[in-house]
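Remarks on the overall topology
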Amino acid sequence: MIRSERMIVVRQAKIAHNIFELVLQGELVQDMSPGQFVHVKVSDTLEPLLRRPISIADVNKEKSQFTMIYRAEGRGTEVLSLANAGQLVDVLGPLGNGFPVEAAPVGGTALLVGGGIGVPPLHELSKQLNARGVRTIHVLGFQSENVTFYEEEFNKLGDTYYVTVDGTKGTKGFVTTLLDELQPEFDVFYCCGPLPMLNAMENAYPNKEGYLSFEERMGCGIGACFACVCQTTEQVEKDYVKVCSDGPVFPKGVVQL
Amino acid sequence: MSRINIELPGLSLKNPIMPASGCFGFGREYAQLYDLSKLGAIMIKATTLETRAGNPTPRVAETAAGMLNAIGLQNPGLEKVMNEELKFLESYDVPIIANVAGTEVSDYVEVARQISTASNVKALELNISCPNVKCGGIQFGTDPATAQELTAAVKAVSSVPVYVKLSPNVTSVVEIAKAVEAGGADGITMINTLVGMRLHEKTGKPVIANGTGGLSGPAVKPVAIRMVYEVYKAVNIPIIGMGGVTNAQDVIDFMSAGASAVAVGTANFVDHFVCPNIIDALPAKLDELGVEHISEIIGRSHR
């Protein structure tokens, strides 16, 4: 169920260059699944006006808390990064359709590939896959070492490899550079990152089951405004899909890349 | 006795609040959040004869206290709207105002003729003001003679009252208002969005793929209020006002300027419960103003 709730800030910390980890508490956590997102109103004023779609990095249903990891890069996320413990944040969610955890066979292996601020949702996904008895391999791409995060958290969950464009951490290059070397064996892949990464993953594994999480400028976040529409491929009947309400996660081959 | 019901041509409104066209789809998404029967009416997304795919993305950009959009009238076409979307809305006790768009007069006429026969469509809103499509839309709304002709042609075939949605992108909105009144319009809805542009900080190029987009949100409210105020003085048909409405005070402002009812647009994206919230807040507003029924404030700016 989609709810609107003023959630309480449990804590907020800067965990890398311009990257913030924000823990919020409230009832809507109970309905969250990995790969979904929340739509956040960062202030009660008219500026900035619109909500910000932010992914879910960690869910703790017992404590009714969830974690968002986001990059403060515009006015809205900068305002959000100033929220202190005890403050209230207006959250609508959870929204969209997340990663299908059940697509990975129990006892099998899942390859999780993320890029930049697309990495956070893979953390909760990996937790749930591991809880299901699926082995996870994480391949995480970043611009540079100073924007990486959650190394320890991912290491705890499975084999974790870093790739940076400038070579300051892990392999130098793109995730596909590393995957070519690694030749990992897996049953299903999940990817969240920029379009070129999604495209590369779709092309690299034509015979594997795979799920891609997309990003697009959004308005309403619930499918009413038609701002975040993507063209589909000939493989599907629909002419278009909406990232916010049909996605943000789609099986590979659905969205035209 | 209700203190907030409003009677308009074709429309018995439980309250004067309705989501604006294009900001509410065909209601399905918001139906997950609250009971649509609570609304005064619903202005559904613009419907054209054939399916429209809309514009490339990005289609929206945020601006100071507002947003630009260039969706491009994406809709599934008349047949699907009638068979699927309007059918779905039949399960709610709420009058539908069908926004009608087209490329040529004959499209408008055909959509109007058919959609006005749906049992829950109680009025049409003629879209002669969409700034985001190459043909159809705004060119019908910027020339008084063209606007009058189109209004008359649609009026001749419609089974329900016809409201015409005016564009603010004109030299004199009053002239267009008078023209559509002369063409037989039963009411006016105003304003559509203002044509605007936002540039990318790094590239200097427009952020929206279409280049220009329609500006909406609180930033446009003073323009809308001024236009409603002017048109109210010039015509004898009712006005449904809109432009930057986010709370009950905004509703009071629009009705004071001369609107008989008020539509809420962009605010639906910010506070998804804004329409029911405003409806609930209206009686207290009337108490503050010492007014028994909301209709008493219509046009009070002019008295």
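All chains use their own residue numbering, which begins from 1 and follows the written sequence. Lettering for chains starts from A, numbering for ligands starts from 1, and both go in the order in which the items are written. For a predicted model such as this one, the threshold for reporting local features is a pLDDT of at least 70, and the threshold for listing and counting side-chain atom pairs is 80 or more; totals across whole chains, interfaces and linings nevertheless cover every residue. The side-chain numbers reported here are obtained from all heavy atoms of the structure, hydrogens and water having been left aside.

This part covers the sheet that holds strand S12 (residues 188–192) of chain A. All names here are of chain A. Reading across the sheet, the seven strands line up as S11-S10-S9-S8-S12-S13-S16 and stay open at both edges, with mixed pairing between neighbours. The open sheet has two edge strands, strand S11 (171–172) and strand S16 (249–251), and neither has a second partner. As judged from the five bridges shared by strand S8 (residues 109–115) and S12, these two strands associate in the parallel manner. Bridge pairing in S12 links Ala110 to Val188. Contact between two residues is taken to exist if any of their heavy atoms lie within 4.5 Å; hydrogens are not considered. Between N-to-C directions, angles span 0 to 180 degrees; the directions come from axes that are lines fitted to C-alpha atoms, helices contributing only their stretch in contact. Only DSSP runs of H or I covering at least 4 residues are called helices, and only runs of E covering at least 2 are called strands; the numbering of each starts at the N terminus. Along the sheet, helix H4 (residues 175–182) contacts S8, strand S9 (135–142), strand S10 (158–164) and S11; its crossing angle with S9, the most-contacted strand, is approximately 140°. Across the sheet, helix H5 (residues 195–204) lies against S8, S12 and strand S13 (209–213), angled at about 165° from S12, the strand it touches most. DSSP bridges decide pairing: two strands pair if at least two such bridges lie between them.

Further remarks concern the interface of chain B and chain A. Contacts between the two partners involve 29 residues from chain B, matched on the other side by 26 residues from chain A. As used here, buried area is the combined drop in accessible area, with a 1.4 Å probe, of two parts when they are placed together. With both sides pooled, the region where chain B packs onto chain A buries about 2400 Å², and carbon together with sulfur makes up 64% of that total. A per-residue breakdown of the area chain B buries against chain A is headed by Glu62, Phe269 and Val270 of chain B, which together make up 24% of the total. Salt-bridge detection follows one rule: a side-chain nitrogen of Lys or Arg within 4 Å of a carboxyl oxygen of Asp or Glu. Where chain B touches chain A, the interface holds two salt bridges. With a closest N to O distance of 2.6 Å, Glu62 of chain B and Arg52 of chain A form a salt bridge. In the analysis that follows, any N or O atom pair within 3.5 Å is treated as a polar contact, provided that within protein one partner can donate a hydrogen and the other can accept it, and provided that, for residues neighboring in sequence, both atoms belong to side chains. In this structure, the connection of chain B to chain A is made through nine residue pairs in polar contact (both at pLDDT 80 or more). Put simply, the parts of the chain that give the side of chain B that touches chain A at least two residues each are helix H1 (28–31), strand S5 (60–63), strand S6 (66–69) and helix H8 (267–270) of chain B. Of the residues forming the side of chain B that touches chain A, the biggest block, four residues, is contributed by S5 of chain B. In this classification, Asp, Glu, Lys and Arg are treated as charged, Ala, Val, Leu, Ile, Met, Phe, Trp, Tyr, Cys and Pro as nonpolar, and every other residue, Gly included, as polar. Taken together, the residues of the side of chain B that touches chain A break down into 15 nonpolar, nine polar and five charged.

Residue and element names in this part refer to chain B. Overall, parallel pairing links the eight strands, which are arranged S3-S14-S13-S10-S9-S8-S7-S4 in an open sheet. Looking at strand neighbours, the two that pair on one side only are strand S3 (17–19) and strand S4 (42–47), the edges of this open sheet. With strand direction ignored, the average angle separating the axes of adjacent strands in the sheet is 25°. The pairing of S4 with strand S7 (residues 96–100) spans four bridges and is parallel.

So, on to the pattern of salt bridges. One pass over the structure, following the stated rule, counts 24 salt bridges over all chains. Glu124 of chain A is the partner of Lys127 of chain A in a salt bridge, and the nearest nitrogen-oxygen pair spans 3.1 Å. A residue pair is termed a helical-turn pair when its members lie 3 or 4 positions apart in one helix, as Lys127 of chain A and Glu124 of chain A do in helix H2 (residues 120–132) at three residues. In this structure, Asp287 of chain B and Arg3 of chain B form a salt bridge, with 2.9 Å as the shortest nitrogen-oxygen distance. One end of the pair, Asp287 of chain B, is in helix H9 (residues 274–289); the other, Arg3 of chain B, is in the segment before strand S1 (6–8), and 284 residues separate them in sequence. Counted as one network, the salt bridges with shared partners bring together Asp58, Glu124 and Lys127 of chain A.

Looking now at empty space enclosed by the protein. Empty space among the atoms can be located by rolling a probe the size of a water molecule over them. Residues and elements named next belong to chain B. A cavity here means a set of points on a 1 Å grid, drawn over the protein atoms and nothing else, where a 1.4 Å probe fits but cannot get out; a pocket is an open set with protein on both sides within 12 Å along at least five of seven lines, and a residue lines either one if it has an atom within 4 Å of a point. Grid points are joined across faces, edges and corners, and a volume is the space filled by probe spheres set on the points. Under the counting rule described, the total for this entry stands at one cavity of 30 Å³ or more. What the largest cavity holds in volume is close to 520 Å³. Along the walls of the largest cavity sit 35 residues, with Ser21, Cys23, Asn69, Asn192 and Thr193 positioned nearest its centre.

Residue and element names in this part refer to chain A. Two rings from Phe, Tyr or Trp (for Trp, the six-membered ring) form a pair when their centres are within 6.5 Å of each other. A pair whose planes differ by under 30 degrees is stacked, one over 60 is edge-to-face, and the rest are tilted. Applying the stated criterion across every chain yields a total of 15 aromatic pairs over all chains. Relative to Tyr70, the ring of Phe20 lies with its centre 5.9 Å away and its plane at 20°, an arrangement referred to as stacked. Here Tyr70 lies in strand S6 (residues 65–71) and Phe20 lies in strand S2 (residues 19–25), a separation of 50 residues in the sequence. Taking the relative accessible area as the measure of exposure, Phe20 reaches 12% and is therefore buried. For every residue, the accessible area (1.4 Å probe, protein chains only) is compared with the maximum for its type, and the residue is labelled buried under 20%, exposed over 50%, or partly exposed between those bounds. Taking relative accessible area as the criterion, Tyr70 reaches 3% and is therefore assigned buried. Judged by centre distance (6.2 Å) and plane angle (75°), the rings of Phe149 and Tyr150 are edge-to-face. The residues Phe149 and Tyr150 share a single accessibility class, namely buried. Among the aromatic residues, ring-to-ring pairing joins Phe142, Phe149, Tyr150 and Tyr162 into one connected group. Over the ring of Phe186 we find Lys208; its NZ or CZ atom is 4.8 Å from the centre of that ring. Whether a charge sits over a ring depends on NZ of Lys or CZ of Arg being within 6 Å of the ring centre and within 35 degrees of the ring normal. The positively charged end of Lys242 is found above the aromatic ring belonging to Phe226, 4.4 Å away from the centroid.

Once that is clear, we can look at the packing of helix H4 (residues 144–157) of chain B against helix H5 (residues 173–182) of chain B. Residues and elements named next belong to chain B. Between H4 and H5, the shortest axis-to-axis distance is 8 Å and the interhelical angle comes to 30°. In terms of axis orientation, H4 runs roughly parallel to H5. Pair H4 / H5 crosses with right-handed handedness. Contact with H4, carried on its side by Pro144, Ala147, Gln148 and Thr151, involves Glu175, Ile176, Ala179, Val180 and Ala182 of H5 and no other residues of that element. By residue class, the composition of the contact of H4 with H5 is six nonpolar, two polar and one charged. For classification purposes, angles smaller than 35 degrees are called roughly parallel, those larger than 145 roughly antiparallel, those between 65 and 115 roughly perpendicular, and all remaining angles oblique. In a left-handed crossing the near helix is turned counterclockwise from the far helix by less than a right angle, and in a right-handed crossing that turn is clockwise.

These values are about where atoms sit, not about what they do.
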